[in-house]
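Here's the letter readout for the chains.
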Amino acid sequence: MAYQIGTYTLFNKKTTLAKLSLALILILLTSTLASTSFIKSIRQEPTSPPGKLYPDLSSVATSSMFAKIAGMGYTDPSHGDDNEGGGGGNEGGPPQTVNSFRLNKDFNQRPRDEPAVTVNPNTGTVVAGANDYGIGGPIGGGVYTHFKGTAFPAETYFPPFPLMCAGAVPTGPLAGTCIFSAPPIGTGDPALVYSQRYNEYYYTSIGFSNDNCASGVFLYRSSNGLDWTRPINKRFAPTTTGGGIRTIVYWDGGASGQDCSVFHDKEWIAVDNSPASLFYGRIYVTWTQFNLDPSGLLYASSPIKLAYSDNHGDIFSDPIDITGAPGNTNCLFPAIPANVGRCVEDQFSSPIVGTDGTVYVAFINGQFSTGPRDQYLVSRVHPGSGFSVDGPFQATFPVYDVRNLDYPTQTTGGQGRATLCNANFRISSTESLSIKLDGSNPSNDKLYLAWADDRAKAGQFVGVTVGPRSSGYACPTGKMTDNDVFIIASSNQGTTWAPPIQVNQDKAPNTINNKDQFYPWVSVNNKGQVAVLYQDRRYDTTPVPNKLTRATVGTTTDLVHWQETLIAQFPSNLDNAFRDGAFIGDYNNDLITNDGTIYAVWTGVAPGKTALASDIYIAIFSYPSN
């Protein structure tokens, strides 16, 4: 392997001090790991109010030391490392079909998931990213660059990972140097965007260690989609904002490197591509900052943070909290009593920039009611007014997304998360936010938010766990999920939102057909052409109904009349994805450009591929004419 798991180095191993430090570190590390079972045994789910849940870490982050210390679904990074509402109907009849292609090269039959895509609309160059375990999981981070007119698969690259640093030698010749230094044990949650002003591509991901508490959010930059910069964290390249070069935020684990009270997770990126904005070309990155309580063991909060860069991503501003002022009536029922009125139990932020430079950020929050169900909130950030924050405003509630209530629970091999019947991959109601830019009058901008949940079978899965792999992960007789995709829109800058509309057209709204659609992503261009990509289990009934998955894109201009396009030519058995099908990623991605070209990327498993080796597929096609 290119990177060893659980290693660290001292800068000068020949000195006596270094040897003493190494021995001390080994003692501390052994003690920390030995105490893990004790930590897990004393950690309790929050009990006030009853039934409340706190947000989940992103999947790759469960291999971090933070997840181990906090007992938040820790997954040993060595596991799997060597394994390969109211629509008007489908106006065009059955879905049309377009060709798709495997986007990544496949060097060693290892998995890929969580794709993101961007495009240079002037040249047609497509740059996509994904978790790519080709050099050993959970280190991910593949980039696939496709030039218009060339054949698939695209050129595949692995961005140069940052060197992580944790702790600091307190005295002596090595004072201030890192106690732990090594490449990250895990990277992931890729996001990509193209800057029209600077003709550059920006790629972001998280990165973290496994034997210490270092974690951060990093940016990689390319002018051609082929050559990528390397991030440098603050310990090796100090900056005035405390981050580093192309390092958006970084936590070094404190003086010992073993302080896991902070973890940076699940980032996303947006660029101000509106020439009418005073901040044209500015880069924005949002992420979730998980915080533990003073004991260092229990979840305390997970607010959404935002930082920006005006110099091509080299240096970012100090982060701000975009979850709004205390006293928000949308957040009166938290899992942690101290968070009453503060919307800080969040995850999965999705930022977008308006005509005038206003930044809109959508995220999942669970603090609206005494029950466990989530809501989607949207904050407005005003860069021209001292970064004042409006909201967050409620976009929709409830989201029917709760394990052991609206969904069955994963069986052996999973993380104990929600899943679908006939599956064992974790299912999350991750959302996406997009904006139709007016280009001159920001009051005419229109926001769209899409997600999927199991409201058709809400409350039917208490105590239900899917069966073993030998059963195809079936639910008990008489139980079947029926997940659907929904979209909402706002015409007043996110203050209020219209009721949910069902996107998938395989059944009438508010009916049941026991077919799942999941992991949608919405995009819209300046013409108001909306494209929603989602994974879709309607097409295949062998070996059993609602098992095999393809992908569909629904398009519309009015959210009433829909045209559907089937973009996956073969069915995927997602049992053969990463970790015995326990993880297929938490999102897919699409993009529609102003000329009506749709770029859709998703995770699939080709027939006959049984070595736990999912790939990334792409479809490029024009907005349907009818």
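Remember, predicted model here, so these are calculated numbers, not experimental data.

Some thoughts on the overall build of the protein chain
Within the protein chain, the regular secondary structure consists of four helices and 34 strands. The buried share of the protein chain, reckoned over its 626 residues, is 62%. With an accessible surface of roughly 21,000 Å², the protein chain has 54% of that area assigned to carbon and sulfur atoms.

Points about the confidence of the model for the protein chain
Residues at a pLDDT of 70 or more form 89% of the protein chain, whose mean pLDDT is 88. This model gives residues 1-48 a pLDDT under 50, and the stretch forms 79 contacts once residues within four places in sequence are excluded. Every residue in residues 79-86 is under pLDDT 50, and counting partners more than four places away or in other chains gives 26 contacts.

What to know about the side chain of aspartate 484
The topology assignment puts aspartate 484 in strand 26 (residues 484-490). Side-chain polar atoms of aspartate 484 contact the side chain of asparagine 504, separated by 2.9 Å. Ignoring anything within four residues of it in the chain, the contact list for aspartate 484 reads Trp451, Ala452, Asp453, Ala456, Gln502, Asn504, Lys507 and Gln517.

Examining the sheet that holds strand 22 (residues 374-382)
Strand order across the open sheet formed by four strands is 20-21-22-23, with antiparallel pairing between neighbours. The open sheet has two edge strands, strand 20 (346-353) and strand 23 (388-399), and neither has a second partner. The sheet shows a mean angle of 20° between the axes of neighbouring strands, direction not considered. One ladder, built from six bridges, connects strand 20 with strand 21 (residues 359-365); its direction is antiparallel. Considered in strand 21, the bridge of aspartate 346 is made with asparagine 365.

Section: the state of the cysteines
Applying the stated criterion to the full structure yields four disulfides. The disulfide that involves cysteine 165 links it to cysteine 178, with 2.1 Å between the sulfurs. Residues cysteine 165 and cysteine 178 are joined by a disulfide whose S-S torsion is about -105°; by sign, that bridge is left-handed. Here cysteine 165, found in strand 7 (residues 164-166), pairs with cysteine 178, found in the loop between strand 7 and strand 8 (180-182); they are 13 residues apart in sequence, far enough to count as distant. When sorted by exposure, cysteine 165 lands in the same class as cysteine 178, which is buried. For the protein chain, the disulfide bridges join cysteines in the arrangement 1-2, 3-4, 5-6, 7-8, where the cysteines are counted in sequence order.

Notes on the pattern of salt bridges
Taken as a whole and assessed by the stated rule, the structure comprises 22 salt bridges. One salt bridge in this structure joins aspartate 390 and arginine 380, with 3.3 Å as the shortest N-O distance. Taken as a pair, aspartate 390 in strand 23 and arginine 380 in strand 22 lie far apart in primary sequence, ten residues in all. With a relative accessible area of 12%, arginine 380 lands in the buried category. One continuous salt-bridge network, built from bridges that share partners, spans Asp106, Arg112, Asp132, Lys609 and Asp615.

Digging into unusual backbone geometry
The residue after phenylalanine 152, namely proline 153, is reached through a cis peptide bond having omega 0°. By secondary structure assignment, the location of proline 153 is in the loop between strand 5 (142-146) and strand 6 (155-157). Between glycine 391 and the following residue, proline 392, the backbone shows a cis peptide bond with an omega angle of 5°. Relative to the helices and strands, proline 392 is located in strand 23.

Some points on the nonpolar core
Core analysis: the largest hydrophobic core is formed by 55 residues, its most contacted members being Phe66 and Leu449. Apart from residues no more than four positions distant in its own chain, leucine 449 is found in contact with Ala362, Tyr376, Val378, Ala395, Glu431, Ser432, Leu433, Phe486, Ile487, Ile488, Trp497 and Val522. In terms of nonpolar packing, the next biggest core, distinct from the first, is built from 21 residues, Met164, Ala166, Tyr201 and Tyr220 among them.

Notes on the sheet that holds strand 29 (residues 530-536)
An order of 1-31-30-29-28 is seen for the five strands of this open sheet, with the pairing classed as mixed. Looking at strand neighbours, the two that pair on one side only are strand 1 (96-97) and strand 28 (517-524), the edges of this open sheet. The pairing of strand 28 with strand 29 spans six bridges and is classified as antiparallel. The residue of strand 29 that forms the bridge with valine 522 is valine 532.

Digging into the side chain of serine 432
Along the chain, serine 432 turns up in strand 24 (residues 432-436). Setting aside residues no more than four positions away along its own chain, serine 432 makes contact with Ser350, Tyr448, Leu449, Ala450, Pro520, Trp521 and Val522.

What about the packing of aromatic side chains?
Tallying each qualifying case throughout the model produces 23 aromatic pairs. Ring geometry for tyrosine 203 and tryptophan 228: centres 6.2 Å apart, planes at 65°, overall edge-to-face. With a gap of 25 residues between them, tyrosine 203 in strand 10 (residues 200-208) and tryptophan 228 in the loop between strand 11 (215-222) and strand 12 (232-233) connect regions that are remote in the sequence. The exposure classification of tyrosine 203 matches that of tryptophan 228, with both residues buried. Put simply, the rings of Phe66, Phe208, Phe263, Phe290 and Tyr299 touch in pairs and so form one group of aromatic residues. Over the ring of phenylalanine 486 we find arginine 455, and its NZ or CZ is 4.3 Å from the ring centre. Just above the ring of phenylalanine 461 sits the side chain of lysine 479; from NZ or CZ to the centre is 5.9 Å.

Structural notes on the pairing of strand 29
Two faces belong to every sheet, and in a regular strand the side chains alternate between them. Among the seven residues of strand 29, seven are classified as buried, and the element is accordingly described as predominantly covered. The antiparallel pairing of strand 28 with strand 29 creates a hairpin that spans five residues between the two strands, and glycine 528 there sits at a positive phi of about 85°. Sheet topology places strand 29 next to strand 30 (residues 550-556); seven bridges connect them, and they run antiparallel. Paired with valine 530 across the two strands is threonine 556, which belongs to strand 30.

Points about the environment of tyrosine 534
By the element assignment, tyrosine 534 lies in strand 29. Residue class for tyrosine 534 comes out buried when judged on its relative accessible area of 0%. Taking the C-alpha atoms as reference points, tyrosine 534 and tyrosine 587, separated by 53 residues in sequence, lie 9.2 Å from one another. Looking at tyrosine 534, its side chain comes within polar contact range of the side chain of glutamate 564, at 2.6 Å.

Rules used throughout
- Residues numbered from 1 in each chain as written.
- Predicted model: local features only at pLDDT ≥ 70, side-chain atom pairs only at ≥ 80, totals over all residues.
- Heavy atoms only, no water.
- Helix = DSSP H or I, 4+ residues; strand = E, 2+ residues; numbered from the N terminus.
- Buried < 20%, exposed > 50% of the residue type's maximum accessible area, 1.4 Å probe, protein only.
- Areas by Shrake-Rupley, 256 points an atom, 1.4 Å probe, with all protein chains shown as cover.
- pLDDT = per-residue confidence, 0-100.
- Contact = heavy atoms within 4.5 Å.
- Polar contact = N/O pair within 3.5 Å; in protein donor to acceptor, adjacent residues only side chain to side chain.
- Pairing = 2+ DSSP bridges.
- Axes fitted to C-alpha atoms, helices over the stretch in contact; angles between N-to-C directions.
- Disulfide = S-S within 2.5 Å.
- Salt bridge = Lys/Arg side-chain N within 4 Å of Asp/Glu carboxyl O.
- Core = buried A, V, L, I, M, F, W, Y, C linked by side-chain atoms within 4.5 Å.
- Phe/Tyr/Trp six-rings, centres within 6.5 Å; stacked < 30°, edge-to-face > 60°.
- Lys NZ or Arg CZ within 6 Å of the ring centre and 35° of its normal.

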